[in-house]
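In case you want the letters, here they are:
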Amino acid sequence: MLPEYYEFKNSVKIISGKNALENIPFELNNLNANRPLILTTKSVIKHGQLKIITDAMDNSNIEIGLIFKDIPQDSSVEIVNNISKLYKENKCDSIVAIGGGSVIDTAKGVNMLVSTKASDLKEYMGLEILEGKLNPFIVIPSTAGTGSEATLVSVIADTSRNVKMEFISYSILPDVAVLDSRMTKTLPPRLTASTGIDALTHSIEAFSGFQKNPLSDIYALTSIELISNYLIDAVSKGQDGRARVAMANASLMAGVAFSNSMVGIVHAIGHACGGVSHVPHAEAMTILLPHCMKLNLNPCEKEYSRILLAFSGPEVYSNTPEKQRGQRCIDEIQKFILKLNEICGLPIRLKDVGVKKEQLKDIAKTAINDGAAIVNPVEVTYDRAMTILESAY
Ligand SMILES: [Fe+2]
């Protein structure tokens, strides 16, 4: 059914598959750019991924303005402001971001600054404050989970106030996202598994939330199907290029889905687990997802039933009585996570990731004030959050 009103945008050109990395110079030229600032990390350099890209540039008319490789795990306003200065000093005309969520978020912040007259990122905090087109921007993700290469959000820490600032604008979407299996083949199994479940959570929350729409639905369901078919192979056979590129696609599609819909309670409680107990985001998602789905089952029966079809296929779907399909969906996802736990030790309990029992109350209090809690199909109260946290402990 169509909602009364909705908006959807995905303007990112997607290049996926064999030799995609070698096409970056061509894509820069297409964007009228030839002097990129490359933002990356030491790990991308160590795994030889940067070299593939710079070799391709050496055989073209591209002249690299600067390679900046010291992006920390959690990017900050200071880093973004400093890199923006370097961009201008080195007369760069575009940005190529190669890395995980924090590299991509940093690059989005830098592009906001270098494309406008501002010199401090804090001027841009809030919703849709940017106008017009930013500078040419290409993203090559080195993980398959955040979907940042296709989202209109950037989260950057303001360390002076100890807060995470969120920037949301259609203008910060990259021009091109490059998905190549060589970028993720070296990811360890546990990280592959947890980030894959983060992507699954994005799609499930996008598909069952209030702000879903027919276009975000298509992206969500396709990504759920890909994750069900390929995540186990990506975890157990890391060098499997087909599984790796399928997961890169699934993560991007999940990013498009939630960027045009919303996430919900799993992210609300997951953010709080990160803030209070420093649980890595993707591991929090893995632990919380089945418990949160149980809370949402009643209003989301129809959506979960449709997710069952995408996740488990037509045979399981048709063999399950209509009234049991929603619950079956949760059971199948739980089984999937348990299987990943057996393969690579993916944590399935909060106590296994360093959360202390006495922190649960603080986590629940923080979760109910999280932005993602507001749009969850069931109201996220303190008591409900506590019930989930206790059952996930
Ligand atoms: Fe997430």
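Refer to the structure presented above.
This section reports on the structure supplied with the text. Because the structure is predicted, anything quoted here is derived from the model rather than measured. (Residues numbered from 1 in each chain as written. Predicted model: local features only at pLDDT ≥ 70, side-chain atom pairs only at ≥ 80, totals over all residues. Heavy atoms only, no water.)

1. Details of the overall build of the chain
The cut-off we apply is this: Numbered from the N terminus, helices here are DSSP runs of H or I no shorter than four residues, and strands are runs of E no shorter than two. Radius of gyration: C-alpha atoms only; globule rule: 2.2 Å multiplied by the number of residues to the exponent 0.38. Buried, partly exposed and exposed residues are distinguished by accessible area as a fraction of the type maximum, computed with a 1.4 Å probe on protein chains only: under 20%, between the cut-offs, and over 50%, respectively. Here, two residues are considered to be in contact whenever any of their heavy atoms come within 4.5 Å of each other. The method behind every accessible area is Shrake-Rupley, applied with a 1.4 Å probe, and residues are considered shielded solely by the protein chains displayed. Charged residues are defined here as Lys and Arg on the positive side and Asp and Glu on the negative side; His and the ends of the chain fall outside this count. Charge positions are represented by NZ for Lys, CZ for Arg, CG for Asp and CD for Glu.
Counting secondary structure elements, the chain contains 14 helices and nine strands. The C-alpha atoms of the chain give 20 Å as radius of gyration, which agrees with the globular expectation for 393 residues (21 Å, within 12%). Seen through its principal axes, the chain has C-alpha atoms that stretch 60 × 45 × 45 Å. By the burial criterion, 57% of the 393 residues in the chain qualify as buried. Counted over contacts in the chain with a minimum sequence separation of 6, partners at least 24 positions apart contribute 78%. Counting only carbon and sulfur atoms, one obtains 51% of the accessible surface of the chain, whose full area is about 16900 Å². Each charge class in the chain can be summarised by its mean position, and for the 39 positive and 43 negative side chains these summaries are 4 Å apart.

2. With respect to helix α12 (residues 360-368)
In plain terms, the rule: What the arc covers is the set of directions going from the helix axis to the C-beta atoms.
Taken together, the buried positions of α12 are Leu360, Ile363, Ala364 and Ala367. Angular distribution of buried residues about the axis of α12 spans 100°; they occupy a single face of the element. For α12, the elements touching its buried residues are α9 (265-277), α13 (371-374) and α14 (382-392).

3. Quick look at a nonpolar patch on the surface
Short version of the rule: Residues forming no salt bridge and having over 30% relative accessible area are the ones grouped into patches, like charges within 9 Å of each other and nonpolar side chains (Val, Leu, Ile, Met, Phe, Trp, Tyr) within 5 Å. Between Lys or Arg on one side and Asp or Glu on the other, a salt bridge is scored when a side-chain nitrogen of the former is within 4 Å of a carboxyl oxygen of the latter.
The grouping of Leu2, Tyr6 and Leu215 at the surface amounts to a nonpolar patch, some 290 Å² of accessible area in total. Within the secondary structure, Leu2 is located in the segment before β1 (13-16).

4. Comments concerning the packing of helix α7 (residues 214-236) against helix α8 (residues 241-259)
Put simply, the test is: Every angle, taken between N-to-C directions, lies between 0 and 180 degrees, and every axis is a line fitted to C-alpha atoms, over only the stretch in contact when it is a helix. Angle categories: roughly parallel below 35 degrees, roughly antiparallel above 145, roughly perpendicular from 65 to 115, and oblique for all the rest. Two helices crossing with the near one rotated counterclockwise from the far one by less than a right angle form a left-handed crossing, whereas a clockwise rotation gives a right-handed crossing. In the scheme used here, Gly and all other residues not listed as nonpolar or charged are polar, with Ala, Val, Leu, Ile, Met, Phe, Trp, Tyr, Cys and Pro taken as nonpolar and Asp, Glu, Lys and Arg as charged.
Contact geometry of α7 with α8 gives a least axis separation of 8 Å together with a crossing angle of 150°. If you check the angle between α7 and α8, you find them roughly antiparallel. Crossing of α7 against α8: the hand is left-handed. Touching Ser216, Tyr219, Ala220, Thr222, Ser223, Leu226, Ile227, Tyr230, Leu231, Asp233 and Ala234 of α7 are Arg242, Ala243, Arg244, Ala246, Met247, Asn249, Ala250, Met253, Ala254, Val256 and Ala257, all from α8. Among the residues forming the contact of α7 with α8, the class breakdown is 15 nonpolar, four polar and three charged.

5. Overview of α9
Rules: Given the number of residues in a helix, its expected span is that number minus one, multiplied by 1.5 Å.
Helix length check: α9, at 13 residues, gives a terminal C-alpha distance of 17 Å against a target of 18 Å (1.5 Å per residue), a fit within 8%. Considered for burial, the residues of α9 that qualify are Ile265, Val266, His267, Ala268, Ile269, Gly270, Ala272, Cys273 and Ser277. Lining the buried residues of α9 we find α6 (189-208), α10 (281-319), α12, α13 and α14. Positive backbone phi, at 55°, marks His278, one or two positions downstream of α9.

6. Side note on the coordination of the iron ion
Just so we agree on the cut-off: For Na, K and Ca the donor cutoff is 3.2 Å, while for all other metals N, O and S atoms count as donors only within 2.8 Å; water does not appear among the atoms, so some sites may look incomplete. Any coordination sphere not matching a tetrahedral pattern (four donors, all angles between 85 and 135 degrees) or a square planar or octahedral pattern (four or six donors, opposite donors over 155 degrees apart, other angles between 65 and 115) is reported as irregular.
Within the protein, the iron ion binds to Asp198 (OD), His202 (NE2), His267 (NE2) and His281 (NE2); these donor distances fall in the range 2.2 Å. Because the angles between the four donor atoms bound to the iron ion fall within 87 to 169°, the donor set is best described as irregular. Look at where the donors of the iron ion fall in the sequence and you get D-x3-H-x64-H-x13-H. Of this pair, His202 sits in helix α6 while His267 sits in helix α9, and the two are 65 residues apart along the sequence. Each member of the pair, His202 as well as His267, carries the same accessibility label: buried.

7. Some thoughts on unusual backbone geometry
Its identity is not glycine, yet Asn32 carries a phi of approximately 60°, on the positive side. Tracing the backbone through its elements, the reader meets Asn32 in the loop between α1 (24-30) and β2 (36-39). Judged by relative accessible area, which is 73%, Asn32 ranks as exposed. Even without glycine at this site, His278 takes up a positive phi of about 55°. Among the secondary structure elements, His278 is positioned in the loop between α9 and α10.

8. Describing the side chain of Glu283
In this structure, Glu283 sits in helix α10. Judged by relative accessible area, which is 9%, Glu283 ranks as buried. What Glu283 contacts, discounting residues up to four positions off in sequence, is Arg190, Ser194, Pro347 and Val353.

9. As for the environment of Phe207
Position of Phe207 relative to the elements: it lies in helix α6. We classify Phe207 as buried; its relative accessible area is 5%. Separated by 68 residues in the primary sequence, Phe207 and Val139 have C-alpha atoms spaced 25 Å apart. Not counting residues within four places of it along the chain, the set of residues in contact with Phe207 comprises Lys212, Asp217, Ala220, Leu221, Glu303, Arg306 and Ile307.

10. Here we look at the pattern of salt bridges
Inspection of every chain in the model, using the stated rule, returns 12 salt bridges. Across the salt bridge formed by Glu283 and Arg190, the nearest N and O atoms sit 2.7 Å from each other. Remark: Arg190 occurs in helix α6 and Glu283 occurs in helix α10; sequence separation between them is 93 residues. Several salt bridges share partner residues, and in doing so they unite Glu22, Asp180 and Arg182 into one network.

11. Some thoughts on the environment of Ile38
As for its position among the elements, Ile38 is in strand β2. The sequence separation of Ile38 and Cys292 amounts to 254 residues, and the corresponding C-alpha distance is 39 Å. Once residues within four sequence positions are removed from consideration, Ile38 is found in contact with Leu50, Thr54, Met57, Ile64, Leu66, Ile67, Phe68, Val96 and Ile98.

12. Focus on the packing of aromatic side chains
Formally: Put simply, two rings from Phe, Tyr or Trp (the six-membered ring, in Trp's case) pair if the centres are within 6.5 Å, and we call them stacked under 30 degrees between planes, edge-to-face over 60, tilted for the rest. The rule is short: NZ of Lys or CZ of Arg within 6 Å of the ring centre and within 35 degrees of the ring normal puts a charge over the ring.
Counted under the stated rule, the structure contains two aromatic pairs. Between Phe311 and Phe336, the ring centres sit 5.1 Å apart and the planes meet at 80°, which makes this aromatic pair edge-to-face. Linking Phe311 in helix α10 with Phe336 in helix α11 (residues 325-344), this pair joins segments that are 25 residues apart in sequence. Among the residues examined, Phe311 registers a relative accessible area of 7% and is labelled buried. Positioned above the aromatic ring of Tyr317, the side-chain terminus of Arg325 is 3.9 Å from the ring centre.

13. Digging into the sheet that holds strand β6 (residues 137-141)
Using the following cut-off: We call two strands paired when DSSP finds no fewer than two bridges between them.
The parallel open sheet is built from six strands, whose spatial order is β1-β9-β6-β4-β2-β3. Two strands bound the open sheet, and with one partner strand each, they are β1 and β3 (66-68). Recorded for the sheet is a direction-independent mean angle of 15° between the axes of neighbouring strands.

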